[in-house]
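Reading the structure
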Amino acid sequence: KAGLSTRITVVEGDFRRDPLPRGYHMVQFSRILADWPEGVCRMLLGKAWESLLPGGRVVICEPLADDNPDLTLAWHFSYVPYDDFGVRLYKPLATYERLLRELGFHLLRVARKDYHSIHAVIVAKRPETSQPASRRQAVSATKRGGKQK
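What this report covers is the structure whose coordinates are included nearby. (Residues numbered from 1 in each chain as written. Predicted model: local features only at pLDDT ≥ 70, side-chain atom pairs only at ≥ 80, totals over all residues. Heavy atoms only, no water.)

**With respect to the packing of aromatic side chains**
Following the criterion strictly, the structure yields two aromatic pairs and no others. Consider the rings of Phe15 and Trp36, whose centres lie 6.0 Å apart with planes at 80°: the pair is edge-to-face. Of the two residues, Phe15 is situated in the segment before strand 1 (24-30) and Trp36 in the loop between strand 1 and helix 1 (38-51); the sequence distance between them amounts to 21 residues. For Phe15, a relative accessible area of 28% gives the class partly exposed. Judged by its relative accessible area of 26%, Trp36 falls in the partly exposed class. Pairing Trp49 with Phe105 gives two aromatic rings, centres 5.2 Å apart and planes at 80°, and the pair type is edge-to-face. (Phe/Tyr/Trp six-rings, centres within 6.5 Å; stacked < 30°, edge-to-face > 60°. Helix = DSSP H or I, 4+ residues; strand = E, 2+ residues; numbered from the N terminus. Buried < 20%, exposed > 50% of the residue type's maximum accessible area, 1.4 Å probe, protein only.)

**What to know about a nonpolar patch on the surface**
A surface patch of nonpolar side chains, amounting to about 300 Å² of accessible area, comprises Leu4, Ile8 and Val10. Tracing the backbone shows Val10 in the segment before strand 1. Classification of Val10 as exposed rests on a relative accessible area of 73%. (Patch = residues over 30% accessible without salt bridge, like charges linked within 9 Å, V, L, I, M, F, W, Y side chains within 5 Å. Areas by Shrake-Rupley, 256 points an atom, 1.4 Å probe, with all protein chains shown as cover. Salt bridge = Lys/Arg side-chain N within 4 Å of Asp/Glu carboxyl O.)

**Thoughts on helix 3 (residues 93-103)**
When we look at burial in helix 3, the residues that qualify are Leu93, Thr95, Tyr96, Leu99, Leu100 and Leu103. Axial view of helix 3: buried residues confined to an arc of 165°, hence all on one face. (Arc of directions from axis to C-beta.)

**Structural notes on the pairing of strand 1**
As paired strands, strand 1 and strand 2 (residues 52-63) are joined by six bridges and run parallel to one another. Note that in strand 2 the partner of Val27 across the bridge is Val58. One crossover worth recording links strand 1 to the parallel strand 2 by way of helix 1, and it is right-handed. (Pairing = 2+ DSSP bridges. Right-handed = clockwise from strand over helix to strand, strands pointing away.)

**Describing the pattern of salt bridges**
Tallying each qualifying case throughout the model produces nine salt bridges. For the salt bridge of Glu38 with Arg98, the shortest nitrogen-to-oxygen distance reads 2.7 Å. Residue Glu38 is found in helix 1, and its partner Arg98 is found in helix 3; the two are separated by 60 residues along the sequence. Among the residues examined, Glu38 registers a relative accessible area of 30% and is labelled partly exposed. Residue class for Arg98 comes out partly exposed when judged on its relative accessible area of 26%. What emerges from the salt-bridge pattern is a single network uniting Glu38, Arg42, Arg98 and Glu102.

Right, here's the structure in full:
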C-alpha cells in the first residue's frame, strides 16, 4: 500500500552464522547490539561493513549504559530468573565508538538519548575507498613477509 515493496527487502537467516546481503547504502541495528557480548557486536559490525557499499552508513540505535544507569539495573533484575542481561551487556558509548574505529568506520554523528527515548543513535560511515581494518592488517602483514592470522 505504501509503495515500499521495491525498496525494502526481508532476508531470512541467522546473523550469527550467515553473511548479510551485500550492496546496501545503510545497515541499521536497533536493539540488537545491546543484547550481545562485545565479540558478537564486533562480528555483526564487521558483517555490516561487508554489506555496505563504499560510503554506506551503519546506524546503531541502542540504549547506552552511561545514559541509562537506572534502566540498566532495572533490566538486569527483570531478567534475573532466566538471563544474564543489562548490567553486563549494556555498553557505554565509548565501546561502540572503539568498535567502529577498529573496524575502519568513520563516526559521523551521535545523538544521545533525550526525554522521548532511552536510545542513542550512532551513525558511522564506511569510507569511500578502503578495506575493513582486519583486511588491511592482513594485507600489511603479507607485504612485510609476515603470516596472516
